[in-house]
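One-letter residues, chain by chain:
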Amino acid sequence: MADKPRIKLPKEAKKGEIIQIKTLVSHLMESGQRKDAQGKPIPRKIINKFTCEFNGKPVFSCVLEPAISANPYIQFDARIDEEGTFKFAWTDDDGSVVTAEEKIALKA
Amino acid sequence: MSIRYGSLAVLATAALTLSAIAVFGQEAERKGIPAPPGHVFKTIISGYQFRTKETRALQDDDLENPGFLAVERAADMWKTVDGGEGKSCMSCHGEAETTMKGVGAAMPKWSEKLNKPVNLEQQINICRTDHMKAPPWAFKSKELTDMTTFVRFQSRGMPVAVKTDGPMSPWFEKGKEIYYTRVGQLDLACASCHEKNNGKFMRADFLSQGQTNGFPTYRLRDQRLIPLHERFEGCMFDVRGVPYKPLSDEFLALELYVAWRGIGLPVETPSVRN
Amino acid sequence: MGAINRRQAFLLGGGFVALTVMPMAANAEPSNDAAEMIKKFTGGKEAAKGKITLDLPEIAENGNTVPLALSVESPMTADNYVKEVLFVADGNPNAGVATLMFTPLSGKAEASIRIRLAQTQNVIAVAKMSDGSLFTERKTVKVTIGGCGG
């Protein structure tokens, strides 16, 4: 999962505004249900957790199962009360974590 | 083996039951472009129009479209030095956004040097071996499909504009011959599904005109980008034929001919299809 | 014989399904751990109908990528918000799909994901509110197999 996650959110918002956040990461989401050419099961390897924090406070998170499509797309909302930084994290079955940050400013 | 062939008759019957009654409600809004005089279709229609609203929505938003993961990977690769000459794509071509505009819409294109047409995958590998002194990328490799997608994407919205005259004309004729030749145990030609029966169901599958303007395309079935010759292979496999090899002269001729069948359609790469 | 590869398996399965009635198993008894997962999530308490809107296609173009959008009615204030939403699919090899966790900072209890459905089945959502109350909603998605889309 070396690719940069794709994230879309506005650069600024009014105080109290609810914004939409779209995220997409590259991942096979190997379900553990498939078999290789020799008939051996291919072990499960998925992103099992996604979290989003704003200025250190939890906004939204989810636990994912193998029934999530490859290249997981997650869309959710956030209420903006102050300017600050979103932190996003995707956790792989192998323990690796891909992170990303996005800033948002307050509209006058 | 016995299971496989025991059900062959059943399979063949099912596959040939091209149902005319079940048509998606979206037919009325299936928009196309008028075909030029002498074309096989009256209206040329992109595969986009044959897909459900949910699938179209995945293509409509560049953030939601997983094909853009490839575009972004290749945008980085475009600038990355590789091979003995110490060059990147950018060393010769500069910014892809300007220099590659329209290139993908006109492929396959005649190569004077090779005295045959080349497609985008082949041209990328010619650049790598001849100018970068880098090893060619294998067909279906992530790298080659990503770069092909990235270069084609620079023509997004531009009309498919292949040349079919001059030295290309015997290749065009060869492609046409392949298109209309029945192959495989199911005895189907490209035309059987995509010319005679588009807009109808074949078993659970809703048949399109088989246009190529969206390739490489993100297929929901495979959950990855599929290059055109892999799709050709898949079609031939599905009719239980022996597919030609990707990047073979046969598939190149077919690519040229099928591109002409969609002449004028806007390039949609990276599209999202079933 | 050698192992049947995936495509052959699809062809075999597809041929069979096309000759039988396609929309099937929608009301069949769940064959996986869906009921246990829901029970664990609710603690055995009954979940009421309502508050949840599920946006799923009636017929999925392809079971490998089915867009799912969720919306739960809630003011999403510090003392009244949606805490968690469990998604299960009762016809997949494993019922679990995802568990979404909201906070008052979410602003809205809305989310979109893309899921895999192995066959025609029910997708069930159970929402747990901050006061402990439970709501549920379900939708049947028809998944067709066969043809070139697989």
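See above for the structure.
These numbers come from a predicted model, not from an experiment.

(A) Highlighting the overall build of chain B. Each helix and strand counted, chain B has 12 helices and 10 strands in total. Here chain B, with 274 residues, has 57% of them falling under the buried criterion. Excluding contacts between residues fewer than 6 apart, the proportion of contacts in chain B whose partners are at least 24 apart in sequence is 69%.

(B) How the structure looks around the interface of chain A and chain C. Taken residue by residue, the interface counts 30 residues in chain A and 29 residues in chain C. Put simply, chain A and chain C have zero salt bridges between them. One can count 18 residue pairs in polar contact (both at pLDDT 80 or more) joining chain A with chain C. Listed by contribution, the elements that provide at least two residues to the side of chain A that touches chain C are β3 (17-24), β5 (57-64) and β6 (73-80) of chain A. It is β5(A) that provides the largest number of residues to the side of chain A that touches chain C, a total of eight residues. When its residues are assigned to classes, the side of chain A that touches chain C shows 19 nonpolar, five polar and six charged. When β6(A) meets strand β7 (residues 109-115) of chain C, the two strands line up antiparallel, connected through two bridges. Within β7(C), the residue paired with Phe76(A) across the bridge is Ala111(C).

(C) Broad picture of the environment of Ser192(B). Residues and elements named next belong to chain B. Note that Ser-192 resides in helix α10 (residues 190-194). On the basis of relative accessibility, which here comes to 8%, the residue Ser-192 falls in the buried class. Along the chain, Ser-192 and Lys-31 lie 161 residues apart, while their C-alpha atoms are 22 Å from each other. Side-chain polar atoms of Ser-192 contact the backbone nitrogen of Ala-189, separated by 2.8 Å.

(D) Region of interest: the pairing of strand β7 (residues 84-92) of chain A. Residue and element names in this part refer to chain A. Counting buried residues along β7, seven of its nine residues qualify, which places the element largely inside the surrounding structure. Note that strand β4 (residues 47-54) and β7 share seven bridges and pair antiparallel. Paired with Ile-47 across the bridge in β7 is Asp-92. As paired elements, β7 and strand β8 (residues 97-106) share eight bridges and run antiparallel to each other. Considered in β8, the bridge of Phe-88 is made with Ala-100. If you look at the hairpin formed by β7 and β8, you'll find four residues sitting between the two strands, and Gly-95 has a positive phi there, around 95°.

(E) Summary view of the interface of chain B and chain A. On the chain A side, the residues contacting the 14 residues of chain B number 15 residues. Counting the surface lost from both chain B and chain A, the interface buries some 1200 Å², and carbon and sulfur atoms represent 50% of this. Our count for the chain B to chain A interface comes out at four salt bridges. A salt bridge links Asp61(B) to Lys22(A); the shortest N-O distance between them is 2.5 Å. Counting the contacts that link chain B with chain A gives nine residue pairs in polar contact (both at pLDDT 80 or more). When residues of the side of chain B that touches chain A are assigned to their parent elements, the largest contribution, five residues, is made by helix α4 (residues 67-78) of chain B. Within the side of chain B that touches chain A, the residues separate by chemical class into five nonpolar, two polar and seven charged.

(F) The sheet that holds strand β4 (residues 66-72) of chain C, seen in detail. Spatially, the six strands line up as an open sheet ordered β1(A)-β3(A)-β6(A)-β7(C)-β4(C)-β2(C), and their pairing is antiparallel. Strands at the two margins of the open sheet, each flanked by one partner only, are β1 (6-8) of chain A together with β2 (52-55) of chain C. For this sheet the average axis-to-axis angle between neighbouring strands, irrespective of direction, equals 15°. Pairing geometry for β4(C) and β7(C), over seven bridges, is antiparallel. When the sheet's bridge partners are listed, Ala69(C) is paired in β7(C) with Ser112(C).

(G) Fine view of the packing of helix α11 (residues 228-238) of chain B against helix α12 (residues 249-261) of chain B. Residues and elements named next belong to chain B. For the pair α11 and α12, the least separation of the axes is 11 Å and the interaxial angle reads 100°. By the criterion of interaxial angle, the relationship of α11 to α12 is roughly perpendicular. Touching Leu-228, His-229, Phe-232, Glu-233 and Met-236 of α11 are Phe-251, Leu-252, Leu-254, Glu-255 and Val-258, all from α12. Within the contact of α11 with α12, the residues separate by chemical class into seven nonpolar, one polar and two charged.

(H) Representation of the nonpolar core. Counting 59 residues, the largest nonpolar core has Phe60(A), Phe86(A), Phe88(A), Phe87(C) and Ile115(C) as its most contacted members. With near-sequence residues (within four places) excluded, Phe88(A) lies in contact with Ile7(A), Ile21(A), Thr23(A), Phe50(A), Thr51(A), Cys52(A), Phe76(A), Val98(A), Thr99(A), Ala100(A) and Glu102(A). Membership of the second largest hydrophobic core comes to 28 residues, among which are Ile44(B), Ile178(B), Ala191(B) and Phe251(B).

(I) Representation of the state of the cysteines. Residues and elements named next belong to chain B. Counting across every chain of the model gives zero disulfides over all chains. For the unlinked cysteine Cys-89, the closest cysteine sulfur is that of Cys-127, found at 7.2 Å. The thiol of Cys-190 is not disulfide-bonded; the next cysteine sulfur, from Cys-235, is found 6.9 Å away. On the basis of relative accessible area, Cys-190 is assigned to the partly exposed category, the value being 25%.

(J) Focus on helix α8 (residues 142-153) of chain B. Residues and elements named next belong to chain B. Taking 1.5 Å of rise per residue, 12 residues should cover 16 Å, and α8 covers 16 Å from first to last C-alpha, within 8% of that figure. Of all the 12 residues making up α8, 10 are buried; the element is thus mostly covered by neighbouring parts of the structure. Considered for burial, the residues of α8 that qualify are Leu-144, Thr-145, Asp-146, Met-147, Thr-148, Thr-149, Phe-150, Val-151, Arg-152 and Phe-153.

Rules and cut-offs
Residues numbered from 1 in each chain as written. Chains lettered and ligands numbered in written order. Predicted model: local features only at pLDDT ≥ 70, side-chain atom pairs only at ≥ 80, totals over all residues. Heavy atoms only, no water. Helix = DSSP H or I, 4+ residues; strand = E, 2+ residues; numbered from the N terminus. Buried < 20%, exposed > 50% of the residue type's maximum accessible area, 1.4 Å probe, protein only. Contact = heavy atoms within 4.5 Å. Salt bridge = Lys/Arg side-chain N within 4 Å of Asp/Glu carboxyl O. Polar contact = N/O pair within 3.5 Å; in protein donor to acceptor, adjacent residues only side chain to side chain. Nonpolar A, V, L, I, M, F, W, Y, C, P; charged D, E, K, R; others polar. Pairing = 2+ DSSP bridges. Buried area = accessible area lost by both parts, 1.4 Å probe. Axes fitted to C-alpha atoms, helices over the stretch in contact; angles between N-to-C directions. Parallel < 35°, antiparallel > 145°, perpendicular 65-115°, else oblique. Core = buried A, V, L, I, M, F, W, Y, C linked by side-chain atoms within 4.5 Å. Disulfide = S-S within 2.5 Å. Expected span 1.5 Å × (residues − 1).

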